[in-house]
Amino acid sequence: MESLIIKGGTRLKGEVPISGAKNAVLPIMAGALLTREKCVIHNVPVLRDVGTMCRILESLGAKVERDGNTVTIRADKVTGVGDYDLIRQMRGSICILGPLLARLGKAKVSLPGGCVIGVRPIDLHLKGMRALGARIRTSGGYVHVSAPRLRGAEMFLGGRSGPTVLGTINIVMAAALADGVTVIDSAACEPEVIDVCTFLSAMGAKIEGAGSPTLRITGVKRLHGATHTVIPDRIEAATYAIAAAATNGEVTLTHCRPAHLQAVIDKMREAGVKVESRGNRLTVKRGGKLKPVDVTTQPYSGFPTDVQAQMMALMVQTQGISIITERIFEARFAHVPELGRLGADIAIEGPSAIVKGGHPLSGAPVMASDLRASAALVIAGLCASGKTQINRIYHLDRGYENIDEKLRNLGAEVERIDVKGP
Ligand code: EPZ
């Protein structure tokens, strides 16, 4: 088991390149199952989850080659049964369901795993597939879907907490090869959904409205191979931007898309952080004393749930009270007790965390519980006095390419060590 040792107190300074978006690349790789032809995907981050997706595709019969940040997939022959243990490892694996159903007329896939941040059902994915004419049953931890022929349909995909990102993507991928027209109402508008639609369009899919709440997909008979470059990871970018502000540093993010970060930039400016964007670069520096801000997570283009934990780490550094409300996932506060170990004063009341910021933090051993909670602990560790040891960092490696190296390049004192498990 690996841990990260952070010696806090250094201001981050310099430039950090932003990698390709994890949450775009995983469904894009699954989308390659829709064709027998070769798909070449560039700007793929080297992440644990990408490795898992490669192994899932291989277990389905696809040929996958990785060369640095490029992945080539040829799904010449595929089977419709996904490996139970691989699929259980991450939520993103659910998006093989739509392509397999469309390509083979049936699929058997285990219920997906992923970060422990709430119930995370897949009822909306299944609702959409049912609307396209699929029969669905679950048994032995597997979902079985089948439809000799998918037929376009009109459907509403909004749920309790708004649209579903992977659910929208799954249905778009299934509908791409269905007979006739599919209209998805309350579709997710996240940039990752747009990126998947761009890739599918390059494969020959007919999709209108990507990035809006109404998507219209006209099914085609077949899709062909395509080459695609994945968008920059807006969540990784937000994490480094917040780390820069929290450490009172000055950091320029390169290869990023500031337009995808408007809600985060807006909140950071409200908190007194100076943020300047120029082309694909974003420079962040602390302008003076930080001010507390209230944050509520929302579907895109609102403040992302995937940046809630990191923003909380910033508010822990800020004198005064801020209220951070989580509206997407009901159990996404695993970072709160761990931030408490470092000296943060945070109380949870229902969906809100009340942060009394400004207490000095001091390093301690803490446990990474999920991907973004781990990122919040890294930010807090960078600000704490003394040494913070973050255990179970495989969560970080699921979503942050070379995080220790990138932080070291910004001047942070960070070391990865091997720890013997119990
Ligand atoms: C994606 O998960 C991301 N994961 C998550 O990233 C991200 O937090 C989330 O979107 C929201 O932005 C990947 O792309 C791999 P949802 P997804 O379906 O698609 C409810 C990270 O840290 N819901 O948009 O699985 C659900 O419970 C992570 O990178 C249903 O009720 O999320 C939640 O309340 C973790 N029924 C809300 O919708 C369903 O069938 C939004 O979830 C599906 C979802």
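Residues numbered from 1 in each chain as written. Predicted model: local features only at pLDDT ≥ 70, side-chain atom pairs only at ≥ 80, totals over all residues. Heavy atoms only, no water.

A word on the sheet that holds strand β6 (residues 106–110)
Line of reasoning, step 1. With respect to topology, three strands assemble into an open sheet ordered β6-β8-β7, the strand pairing being antiparallel. Each edge of the open sheet carries a strand with a single partner, namely β6 and β7 (135–139). Averaged over all adjacent pairs, the angle separating strand axes in this sheet is 15°, with direction ignored.
Line of reasoning, step 2. Inspection of the sheet shows β7 paired to strand β8 (residues 142–146) by five bridges, in the antiparallel sense. Bridge pairing in β8 places Ser139 opposite Tyr142. (Pairing = 2+ DSSP bridges. Helix = DSSP H or I, 4+ residues; strand = E, 2+ residues; numbered from the N terminus. Axes fitted to C-alpha atoms, helices over the stretch in contact; angles between N-to-C directions.)

Looking at the domain arrangement of the protein
Line of reasoning, step 1. Its domain assignment divides the protein into domain 1 (2–19 + 232–418) and domain 2 (22–229).
Line of reasoning, step 2. Every contact between the two is made by 22 residues of domain 1 and, on the other side, 26 residues of domain 2.
Line of reasoning, step 3. The contact between domain 1 and domain 2 buries some 2,000 Å² in all, and 52% of this surface belongs to carbon and sulfur atoms.
Line of reasoning, step 4. It is Tyr300, Arg398 and Glu401 in domain 1 that bury the most area against domain 2; as a group they hold 32% of the surface buried on that side.
Line of reasoning, step 5. In this structure, the salt-bridge partner of Glu192 is Arg234, at a minimum N-O distance of 2.8 Å.
Line of reasoning, step 6. Between the two partners, domain 1 and domain 2, sit eight residue pairs in polar contact (both at pLDDT 80 or more). (Domains from an automatic or database assignment. Contact = heavy atoms within 4.5 Å. Buried area = accessible area lost by both parts, 1.4 Å probe. Salt bridge = Lys/Arg side-chain N within 4 Å of Asp/Glu carboxyl O. Polar contact = N/O pair within 3.5 Å; in protein donor to acceptor, adjacent residues only side chain to side chain.)

Topic: the pattern of salt bridges
Line of reasoning, step 1. Summed over the entire model, instances satisfying the criterion amount to 15 salt bridges.
Line of reasoning, step 2. Taking the shortest distance from any N to any O, the salt bridge between Asp49 and Arg398 comes out at 2.8 Å. Taken as a pair, Asp49 in helix α2 (residues 48–59) and Arg398 in helix α13 (residues 394–399) lie far apart in primary sequence, 349 residues in all.
Line of reasoning, step 3. Among the residues examined, Arg398 registers a relative accessible area of 8% and is labelled buried.
Line of reasoning, step 4. A salt bridge links Asp306 to Arg332, with the shortest nitrogen-to-oxygen separation between them at 2.7 Å. With Asp306 in the loop between β17 (295–296) and α10 (308–316) and Arg332 in the loop between β18 (320–325) and α11 (335–341), the pair connects residues that are 26 residues apart, well separated along the chain. As far as the burial class goes, Asp306 and Arg332 line up, both buried.
Line of reasoning, step 5. Through salt bridges with shared partners, one network takes in Glu2, Asp397, Asp404 and Arg416. (Buried < 20%, exposed > 50% of the residue type's maximum accessible area, 1.4 Å probe, protein only.)

Some remarks on a positive patch on the surface
Line of reasoning, step 1. A contiguous patch of positive charge on the surface is contributed by Arg36, Lys38, Lys63, Arg74 and Lys77.
Line of reasoning, step 2. Judged by relative accessible area, Arg74 falls into the partly exposed class, the value being 38%. (Patch = residues over 30% accessible without salt bridge, like charges linked within 9 Å, V, L, I, M, F, W, Y side chains within 5 Å. Areas by Shrake-Rupley, 256 points an atom, 1.4 Å probe, with all protein chains shown as cover. Lys, Arg positive; Asp, Glu negative; His and termini not counted. Charge placed at Lys NZ, Arg CZ, Asp CG, Glu CD.)

Digging into the nonpolar core
Line of reasoning, step 1. Of all hydrophobic cores here, the largest spans 77 residues; its most connected members are Met29, Met53, Leu57, Ile73, Ile96, Ile184 and Leu200.
Line of reasoning, step 2. Counting residues per element, this core draws most heavily on helix α6 (residues 165–175), which supplies seven residues.
Line of reasoning, step 3. The residues contacting Met53, other than those within four sequence positions of it, are Leu26, Met29, Ala30, Met90, Gly92, Ser93 and Ile96.
Line of reasoning, step 4. Within the second largest apolar cluster, 71 residues are counted, among which are Ile235, Val366, Ala376 and Ile379. (Core = buried A, V, L, I, M, F, W, Y, C linked by side-chain atoms within 4.5 Å.)

Points about the packing of helix α1 (residues 22–31) against α6
Line of reasoning, step 1. It is the contact of α1 with α6, at a shortest axis distance of 11 Å, that shows an interaxial angle of 20°. If you check the angle between α1 and α6, you find them roughly parallel. The interaxial crossing formed by α1 with α6 has right-handed handedness. Judged by residue contacts, Pro27, Ala30 and Gly31 of α1 engage Leu166, Ile169 and Met173 from α6. (Parallel < 35°, antiparallel > 145°, perpendicular 65-115°, else oblique. Left-handed = near helix turned anticlockwise from the far one by under 90°.)

Remarks on the site of the ligand
Line of reasoning, step 1. Near the ligand you find 23 residues, and of these Asp123, Leu124, Thr164, Asp306 and Ile328 are the closest.
Line of reasoning, step 2. Between an oxygen atom of the ligand and a side-chain N or O atom of Asn23, the distance comes to 3.1 Å.
Line of reasoning, step 3. In the model, an oxygen atom of the ligand is placed 2.8 Å from a nitrogen or oxygen of the Val165 main chain.
Line of reasoning, step 4. Coverage of the ligand by the protein chains reaches 95% of its 820 Å² of free accessible surface.
Line of reasoning, step 5. Looking at the shell around the ligand, the elements with two or more residues in it are α1, α5 (123–131), α6 and α12 (371–383).
Line of reasoning, step 6. Considering every element that reaches the shell around the ligand, the biggest residue donor is α5, with three residues.
Line of reasoning, step 7. Composition of the shell around the ligand by domain shows at least three residues from each of domain 1 (2–19 + 232–418) and domain 2 (22–229). (Near = heavy atom within 4 Å.)

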